[in-house]
Amino acid sequence: MATTHDVFQRGLRRGSERLPFDPAKRYFYVEHPTEGWKVYLRSCCFVHEKPTAEEGAVDATRFVVVKRTGADPKSKAWEPPKGQMEGKDGMRKGSIMQHLRENVKREVAEEARIESLQNLTHTGLWFEGREDDYPPNTFFQYHIFSAVVSPKEWLRASEELQWCREHPDAFARLKRDKREKDDIAWYTPSEHKMMGRWSAKIVIMYLKAFSSV
């Protein structure tokens, strides 16, 4: 997929900054040393049901979505598991792709409670945009991954989130990153409305690339 900024090229500077929307954390970026552009890295994963031998292929239209904690399930409260790479993750040794893979596994585990992803793959897709409060020449990229999950792992994750909903006091004591979402489902367009500015665009991009929808 064509993009304005190649975050995998050699020679980029790596750094992290606190952002106005969440000054408690530092978020990772890469920056071109001469052109001056800066890109904050994010990841998103389309987790599909593992097909049986008889089914063969993955159904690209059937993927995991998670719901914003406390939101009405019928509202714009759903999205595939996704998130931003923190400075503590990106500043370690290793390639940008390695860090993106680790980031997306962490996001899926925190938001969807799925800890055993199979066939995790970078799809070759990414979504680039700008937030309204970004300074000039500053962008973000969501790198899009796909994976499959077994029925057993899906059930375990679903039951864990159900337990969280049934035990709000215990849920409230979890670290912040594990309190962002409180439900999981298989995506159905008529039932699961996408939240935020970017989730719907990412879903449309993914389905256009990998399904006939």
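Residues numbered from 1 in each chain as written. Predicted model: local features only at pLDDT ≥ 70, side-chain atom pairs only at ≥ 80, totals over all residues. Heavy atoms only, no water.

## Concerning the sheet that holds strand 4 (residues 64-68)
Paired through their backbone hydrogen bonds, the strands of a sheet run either parallel or antiparallel.
Right, on to step 1. Strands sit in the order 9-4-5-10 across an open sheet of 4 strands; the sheet is mixed. Edge positions in the open sheet fall to strand 9 (181-186) and strand 10 (193-194), since each of these has one partner strand only.
Right, on to step 2. Two elements, strand 4 and strand 9, share 5 bridges in a ladder whose sense is antiparallel. Of the residues in strand 9, the one forming a bridge with Val66 is Ile184.
Right, on to step 3. Of the strands in this sheet, strand 4, strand 5 (76-79) and strand 9 are in contact with helix 2 (residues 96-112), which crosses strand 4 at around 60 degrees. (Pairing = 2+ DSSP bridges. Helix = DSSP H or I, 4+ residues; strand = E, 2+ residues; numbered from the N terminus. Contact = heavy atoms within 4.5 Å. Axes fitted to C-alpha atoms, helices over the stretch in contact; angles between N-to-C directions.)

## Quick look at the pattern of salt bridges
Here the idea is simple: oppositely charged side chains can pair when their charged atoms come close.
Right, on to step 1. The full count for this structure, using the stated rule, is 22 salt bridges.
Right, on to step 2. Residue Glu86 is joined to Arg106 by a salt bridge in which the shortest nitrogen-to-oxygen separation is 3.8 Å. You can see Glu86 sitting in the loop between strand 6 (82-84) and helix 1 (87-90) and its partner Arg106 sitting in helix 2, a full 20 residues away along the chain.
Right, on to step 3. Taking the relative accessible area as the measure of exposure, Glu86 reaches 8% and is therefore buried.
Right, on to step 4. Ionic pairing is found between Arg156 and Glu160, a salt bridge with its closest N-O pair at 2.9 Å. Taken together, the residues Arg156 and Glu160, both in helix 3 (residues 151-166) and 4 residues apart, mark about one turn of the helix.
Right, on to step 5. Classification of Glu160 by relative accessible area gives partly exposed; the value is 23%.
Right, on to step 6. Residues joined by salt bridges that share partners form a network here, namely Lys25, Glu86, Lys88, Asp89, Arg106, Glu107, Glu110, Lys175 and Asp177. (Salt bridge = Lys/Arg side-chain N within 4 Å of Asp/Glu carboxyl O. Buried < 20%, exposed > 50% of the residue type's maximum accessible area, 1.4 Å probe, protein only.)

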